[in-house]
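# Report on the structure
For reference, the chains in residue letters:
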Amino acid sequence: MAARILVAGIGNIFLGDDGFGSEVARLAEIQRDDVRVVDYGIGGMHLAYDLLEEWDALVLIDAIPSRGSPGTVHV
């Protein structure tokens, strides 16, 4: 059985680059048995309820302030 992965785009589209995660998820939104990509925006409760399902991995996509140059990816 394939691993079940939830990819969550997070952010407020009205606050500049904070909408990054939402936009990435919107562009890549797919629904398959093993991978779900969702734009949660600022819907933390929606994400919390979806996390009650069994997932093997969770990937959060969000913009955060850092000392790196623009476009730096943090893991």
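The structure this text deals with has already been given above.
Read on for a plain summary of the structure. (Residues numbered from 1 in each chain as written. Predicted model: local features only at pLDDT ≥ 70, side-chain atom pairs only at ≥ 80, totals over all residues. Heavy atoms only, no water.)

Here the focus is the layout of surface pockets. Empty space among the atoms becomes apparent when a probe as large as a water molecule is rolled across them. Taken as a whole, the largest pocket spans an internal volume of roughly 520 Å³. The wall of the largest pocket is formed by 17 residues, among which Phe20, Asp62, Ala63, Ile64 and Thr72 lie closest to the centre. Sorting elements by how many residues they give to the lining of the largest pocket places strand β3 (residues 57-61) first, with 3 residues. Its residues assigned to classes, the lining of the largest pocket shows 9 nonpolar, 6 polar and 2 charged. (1 Å grid on protein atoms, 1.4 Å probe; cavity = no way out; pocket = protein on both sides within 12 Å on 5 of 7 lines; lining within 4 Å. Points joined across faces, edges and corners; volume = space filled by probe spheres on them. Helix = DSSP H or I, 4+ residues; strand = E, 2+ residues; numbered from the N terminus. Nonpolar A, V, L, I, M, F, W, Y, C, P; charged D, E, K, R; others polar.)

We now examine the side chain of arginine 4. Locating arginine 4 in the fold gives a position in the segment before β1 (5-10). Of the polar contacts made by the side chain of arginine 4, one reaches the side chain of glutamate 53; its length is 3.4 Å. Among the polar contacts listed, one links the side chain of arginine 4 to the backbone oxygen of glutamate 54, at a separation of 2.6 Å. Residues contacting arginine 4, with those up to four places away along its chain left out, are Asp33, Asp34, Arg36, Glu53, Glu54, Trp55, Asp56 and Ala57. (Polar contact = N/O pair within 3.5 Å; in protein donor to acceptor, adjacent residues only side chain to side chain. Contact = heavy atoms within 4.5 Å.)

Here the structure, examined in full by the defined rule, presents 0 aromatic pairs. We note arginine 4 situated over the ring of tryptophan 55; from NZ or CZ to the ring centre the distance is 4.1 Å. (Phe/Tyr/Trp six-rings, centres within 6.5 Å; stacked < 30°, edge-to-face > 60°. Lys NZ or Arg CZ within 6 Å of the ring centre and 35° of its normal.)

Of the residues making up helix α1 (residues 20-27), those classed as buried are Gly21, Ser22 and Ala25. Relative to the axis of α1, the buried residues are bounded by an arc of 100° and lie together on one face. Buried residues in α1 make contact with β1, β2 (35-41) and β3. (Buried < 20%, exposed > 50% of the residue type's maximum accessible area, 1.4 Å probe, protein only. Arc of directions from axis to C-beta.)

Below, the discussion takes up the sheet that holds β2. Here 3 strands make up an open sheet; going across it, the order is β2-β1-β3 and the pairing parallel. Each edge of the sheet is formed by a strand with only one pairing partner; in this case those strands are β2 and β3. Strand-to-strand twist of the sheet, defined as the mean angle between neighbouring strand axes without regard to direction, takes the value 20°. Bridging between β1 and β2 involves 6 bridges; their strand directions are parallel. By the bridge assignment for β2, valine 7 is matched with valine 37. Packed onto the sheet, α1 meets β1, β2 and β3 and runs at close to 140° relative to β2. (Pairing = 2+ DSSP bridges. Axes fitted to C-alpha atoms, helices over the stretch in contact; angles between N-to-C directions.)

On the surface, Met45, Tyr49 and Leu52 cluster together to form a nonpolar patch covering roughly 400 Å² of accessible area. Here leucine 52 is to be found in the loop between α2 (44-50) and β3. (Patch = residues over 30% accessible without salt bridge, like charges linked within 9 Å, V, L, I, M, F, W, Y side chains within 5 Å. Areas by Shrake-Rupley, 256 points an atom, 1.4 Å probe, with all protein chains shown as cover. Salt bridge = Lys/Arg side-chain N within 4 Å of Asp/Glu carboxyl O.)

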